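# Remarks on the overall topology
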Amino acid sequence: MTLEFHERDDYLSWGRVERRPQVVARPASRRDLAPFAHGERRPRLAVGLLRSYGDSCLATGAALLDLTRLDHFIAFDEASGLLTAEAGVSLGEIMRAFVPRGWFPPVTPGTRFVTLGGAIANDVHGKNHEAAGTIGRHVASLTLLRSDAGEVTCSPTENAELFAATVGGLGLTGIITTVTVRLRRIQSAFVDAEKLAYGTLDEFFALNAASEGAFEHLVAWFDCTAGSRNLGRGIFSRANWSPFGALEPHRERGLLRVPVEFPSFAINRLSLRAINVAYRGLELRGLGSHRLHYGPFFHPLDSIQGWSRVYGRAGMYQYQCVLPPESAADATRALLDAISRSGEGSFLAVLKAFGALPSPGLLSFPRPGITLAVDFANHGPRTLALFERLDAIVREAGGRLYPAKDGRISREMFAAGYPELARFARSVDPACTSDFWERVRP
Ligand SMILES: Cc1cc2nc3c(=O)[nH]c(=O)nc-3n(C[C@H](O)[C@H](O)[C@H](O)COP(=O)(O)OP(=O)(O)OC[C@H]3O[C@@H](n4cnc5c(N)ncnc54)[C@H](O)[C@@H]3O)c2cc1C
């Protein structure tokens, strides 16, 4: 069947800042993709559920191939936990099918609405980075459709250079069609979690050091409006999979939905402070030890569909960087100070340590150190000027930004953070492109 392409103005990335119409096709099966391996030269980008915040999942003027209908499981080996599936299967679908059998994805980001292909193309990380590293470490093999080589199987040992370029490769090395990934055994669908309030950044670092090794999942929420003595104060959360409780998957029914974009005045300095104080109040009430279902623990925002619409028509950015261990303490303090002084930022502000397990991708974002992620309403030049100040701190500290969250990084900043960029560029499929790549390519 010939694929139909349509111009669509509803294909927006999660941040909703860019509003350029996209030309989109939704293949119904892997067969529909065959022309892309045999001579079809149309510039293209495979995409999943568009949970990337910026422009790495957009390709204006080229074709977007929405792979979410390629959502079939192909094989599962109960002994090893190896699952082979089409790349458009979402992590949520894997959880619904495999949690009852005692298996879970090895790594999950803060939303389960991501496809396997998207998760690999950003080499995503979760709260268990110290223990498990990125998702790419758990990929046994994948198949890629290349415009110049047809179907290619890649793994850490077969076509290893292409594998390293494809994991974290932002969809630029070809179309990932199938993936074999190793799931993790679980005894129940619950985690035993502890929430602890901390008052300063030094306390965050101390809590993290004391928790590493003893807890698989570690993360902190911090109040990005708090300055001076309270800089970095927040709630530290640590957890392990529980041996107790049923193997019941999450439910997708009954989710709340943000139906329309909020007016832009809804997020301002005052409402931000109020939300942070309220959020801190809620979290403080939840302090202590709890047994929680994996849904609210890993994906608290998934219960509100389309929540990024609360930022209004101008959209929002997320700024996420990683800072190497030697400069992490000073640079984190400098970033938090700049953010709290700016009055920007929001209730979604996260601090987390990345462990030492190496990421397999040439452009994988995680590296040892501290990662900080903060959402910002888009206030135009004011927000972009703040990001320039944050970029200078990150660059000086030897850190880098996460492409999955980015929609504005400069070519120089990207090249400074990713030393393997030139090597990566040699594996790019000549027919693949994205708005992000057009901005940063060497
Ligand atoms: C609420 C929220 C929380 C998040 N938390 C985290 C987190 O904790 N950790 C983390 O690492 N990330 C996190 N993210 C980011 C998210 O995990 C990534 O952006 C992920 O890649 C999105 O997957 P997707 O299916 O939506 O892919 P898309 O956003 O549609 O695409 C992402 C990239 O993958 C490529 N791609 C998609 N499918 C294919 C394919 N089949 N073949 C080749 N390339 C493909 C695209 O070209 C693009 O470059 C979060 C995002 C949200 C909205």
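Residues numbered from 1 in each chain as written. Predicted model: local features only at pLDDT ≥ 70, side-chain atom pairs only at ≥ 80, totals over all residues. Heavy atoms only, no water.

Strand order in this open sheet of four strands is β1-β2-β4-β3, and the pairing throughout is mixed. The sheet is open, and its two borders are formed by β1 (6–8) and β3 (44–47), each paired with just one other strand. Put simply, the sheet's adjacent strands are angled 40° from each other on average, direction ignored. Pairing analysis gives three bridges linking β1 to strand β2 (residues 22–25), with the strands arranged antiparallel. Residue pairing across strands places R8 opposite Q22, the latter belonging to β2. (Pairing = 2+ DSSP bridges. Helix = DSSP H or I, 4+ residues; strand = E, 2+ residues; numbered from the N terminus. Axes fitted to C-alpha atoms, helices over the stretch in contact; angles between N-to-C directions.)

This part is about the environment of A220. Summarising the element assignment, A220 is placed in strand β13 (residues 217–222). Taking relative accessible area as the criterion, A220 reaches 1% and is therefore assigned buried. Between the C-alpha atom of A220 and that of K127, which follows or precedes it by 93 residues, the distance is 9.7 Å. Ignoring sequence-local partners within four residues, the contact set of A220 consists of Y198, F204, I235, F236, A349, V350 and L351. (Buried < 20%, exposed > 50% of the residue type's maximum accessible area, 1.4 Å probe, protein only. Contact = heavy atoms within 4.5 Å.)

Another point: the pairing of strand β4 (residues 63–66). Burial along β4 is two-sided: A63 and L65 facing one way and L64 and D66 facing the other are all buried. Sheet analysis places β2 next to β4, joined by three bridges and oriented parallel. Bridged to V23 within β4 is A63. Bridging between β3 and β4 involves four bridges; their strand directions are parallel. Counterpart to V47 in the pairing with β4 is D66.

Of all residues adjacent to the ligand, which total 34 residues, the nearest are A46, R51, S52, T115 and Y402. S52 places a polar side-chain atom, nitrogen or oxygen, 2.7 Å from an oxygen atom of the ligand. Calculation on the ligand without its partners gives an accessible area of 970 Å², and the protein chains cover 95% of this total. Sorting the residues of the shell around the ligand by element identifies β3, α2 (116–121) and β10 (175–182) as the ones contributing at least two each. Its residues assigned to classes, the shell around the ligand comprises 20 nonpolar, 12 polar and two charged. (Near = heavy atom within 4 Å. Polar contact = N/O pair within 3.5 Å; in protein donor to acceptor, adjacent residues only side chain to side chain. Areas by Shrake-Rupley, 256 points an atom, 1.4 Å probe, with all protein chains shown as cover. Nonpolar A, V, L, I, M, F, W, Y, C, P; charged D, E, K, R; others polar.)

In terms of domains, the protein is made up of domain 1 (6–66), domain 2 (73–186) and domain 3 (190–417). Taking only C-alpha atoms into account, the centre of domain 2 sits 24 Å from that of domain 3. With 36 residues of domain 2 at the interface, the matching set in domain 3 holds 39 residues. Between domain 2 and domain 3 the total buried area reaches about 3,400 Å² when both faces are included, carbon and sulfur atoms providing 61% of it. When residues of domain 2 are sorted by the area they lose upon contact with domain 3, R112, K127 and E130 head the list and together hold 25% of the total. Counting across the domain 2 and domain 3 interface gives four salt bridges. Close ionic contact of E130 with K352 constitutes a salt bridge, the shortest N to O distance being 3.2 Å. Where domain 2 touches domain 3, the interface holds 18 residue pairs in polar contact (both at pLDDT 80 or more). Among the secondary structure elements, those contributing two or more residues to the side of domain 2 that touches domain 3 are α1 (91–98), α3 (129–132) and α4 (160–166). Of all the elements, α3 adds the most residues to the side of domain 2 that touches domain 3, at four residues. (Domains from an automatic or database assignment. Buried area = accessible area lost by both parts, 1.4 Å probe. Salt bridge = Lys/Arg side-chain N within 4 Å of Asp/Glu carboxyl O.)

Right, let's talk about the sheet that holds strand β6 (residues 82–86) for a bit. Across the sheet, five strands lie side by side as β5-β6-β10-β8-β9; this open sheet has antiparallel pairing. With one partner strand each, in any of the chains shown, β5 (73–77) and β9 (150–154) form the two edges of the open sheet. Geometrically, the sheet is characterised by an average inter-axis angle of 10° between neighbouring strands, direction not taken into account. The sheet contact formed by β6 and β10 spans five bridges and is antiparallel. Its bridge partner being in β10, L82 is matched across the sheet by R182.

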